[in-house]
Every structure is written in C-alpha cells, then in structure tokens.
Amino acid sequence: LLASTLLVVPLYGFSRDLFGRGPARIATALACFWPWLADYGSRVGPDALGCTLWFLAIWMLARCLRRGGWFCAAAPLAFFALHLTRAEGTILLAATAGGALILCAGPDWKRLARYAPFVAGCAALLALSSLYMRSLVGEATVNYRVGIILVDLEIGPMVSTAMKLTFEVLPIMLGPVAMLFFGVGMFSRDDTGRERDFRLEAYTLYFAAVQLASSAFVLSAQPRYLMSVIVALSLWNARGMLIVG
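Residues numbered from 1 in each chain as written. Predicted model: local features only at pLDDT ≥ 70, side-chain atom pairs only at ≥ 80, totals over all residues. Heavy atoms only, no water.

Enquirer: Just checking my understanding: could you explain the nonpolar core for this structure?
Expert: In globular proteins that are soluble, nonpolar side chains generally tend to be buried together. Core analysis: the biggest nonpolar cluster contains 65 residues, and F14, F55, F79, Y203 and L235 have the highest contact counts within it. The biggest single contributor to this core is helix α5 (residues 47-67), with 12 residues. Setting aside residues no more than four positions away along its own chain, F14 makes contact with F55, I58, W59, L200, Y203, T204 and L235. (Core = buried A, V, L, I, M, F, W, Y, C linked by side-chain atoms within 4.5 Å. Buried < 20%, exposed > 50% of the residue type's maximum accessible area, 1.4 Å probe, protein only. Helix = DSSP H or I, 4+ residues; strand = E, 2+ residues; numbered from the N terminus. Contact = heavy atoms within 4.5 Å.)

Enquirer: I tried to follow the packing of aromatic side chains on my own but got confused; where do I start?
Expert: The description of two aromatic rings rests on the distance between their centres and on the angle between their planes. Applying the stated criterion across every chain, the model contains 11 aromatic pairs. On the numbers, 6.3 Å between centres and 65 degrees between planes, the contact of F182 with W236 is edge-to-face. Of this pair, F182 sits in helix α11 (residues 155-187) while W236 sits in helix α13 (residues 227-244), placing them 54 residues apart in sequence. An identical accessibility class is assigned to F182 and W236; each is buried. (Phe/Tyr/Trp six-rings, centres within 6.5 Å; stacked < 30°, edge-to-face > 60°.)

Enquirer: Explain the environment of P117 to me, please; I cannot follow it from the model alone.
Expert: In this structure, P117 sits in helix α9 (residues 115-137). Overall, P117 belongs to the partly exposed group, its relative accessible area being 39%. Each C-alpha atom of the pair P117 and G98 lies 16 Å from the other, and the pair is 19 residues apart in sequence.

Note that every value here comes from positions in space, so none of it alone points to a role or purpose.
Right, here's the structure in full:
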C-alpha cells in the first residue's frame, strides 16, 4: 500500500517534465482515484512497487541524460531496484540503450556521454548482486526468474498472450472514455504555448512497448503485468482532459 501511494511522486515529476504542471496534476489525481490501482495497490505482491519503480527509473534516466549531476547516480539505483523487484526489470535495464538513443540522437548526441556512468553503475551493482547470489546459493546469476521464463518459452502461447494483452486487456482497463481522451492528448494541439517534447514522449512509449512485449513472456494476460503501461498511457489521457476542459 505504501509503494502504491508513493507512485504519485515519480508520476507527477515525470508527467510534469513531459507535459507540464496542469496535465501532471490531472495524471496524479487519476492515479489516486483509479479503483483498479487502489485494488492492486492493496494486495501483497511486487506489482505496485514495480510500477512505482518503473516510473522512478525512467524519470531518473531521462534526467540523467538531460541534466547530469546526481541523477547519474540515482538512475542506476532506480533501475537496479526495478531489476530486483520484477523479472522484466532486467529486460528494461537492457533496453535503456534504446531509450538513450531516442533522447540523445541528433543534435543532443553529446549527452550520450552521460550514459557511460549509468552503464558503469548498473554493471557494478549487477556484479555485486551476482557475487552475493553465488555466496548465498552457490550459483552466480543476474536474474534467476528470467532464466526460468526463457527455458519454458513457447512461441505460440507467447504470441497469443501478446495479442490478448494488446487488444483486450489494454482497451478494457483504459475504457472507452479514457481512450477518447488519449486520442485527444496524443494528436491534438493546445493553446498553452508549451512546445511538446516529442523525444520524451517517444521515450515513454518506447519503454511502455518494452514492458508490454516482456509481459508476453510470462504467458499470463493479467492486467497487473501492464500496470505501468496503463498508467503511462494515462499521461496522454490527462493532457487530453486539460485540452478538452
């Protein structure tokens, strides 16, 4: 419950960087009053903590690449915590290379230099974790759960799970009203004078797509595996609500 409540902190901060103060307030309010999130946040399990760390990790990485400073230390810690919390956290950690390219390719390519200390920090934390696992169970491993999933992987069920997650679970959990606001938030212009940060939007959608793809490996089309994806898409809902209002 505490982990679920703390979601509003990175959610507000990241949403404010993405769309500004108004949509950030609406996105935070949606997270507070969403019955589905309240339900899952009250259950014993890693899902609520994983969702909070998901937003904290991608927020810290974006700030690490754009601002540097202490964010270069916070980003590895956040991603390592996500790696420990959820099996797909390891996949998201590996996918940070793509996220860094999205944010820094082109005129901002010099910012990619800040990705090096991030990689070094993550490598050090993973090495220490592997050594600890070796001393504990006699085998060095980065993520035992990912290994089990890959061994038992079947392509047919994985594709079926991915289709169900994308075309059934996501639309049902968002609902028709939220889908309309999402369309407005994604494709409409507003009169606030704020220039859209399309790189950061693409960065967010990239990690949401990675999360969706990695959830298919579990072969279970439960909404809890897409908690972070659904909350991430609600950021465009919030922008759409502000525009319509």
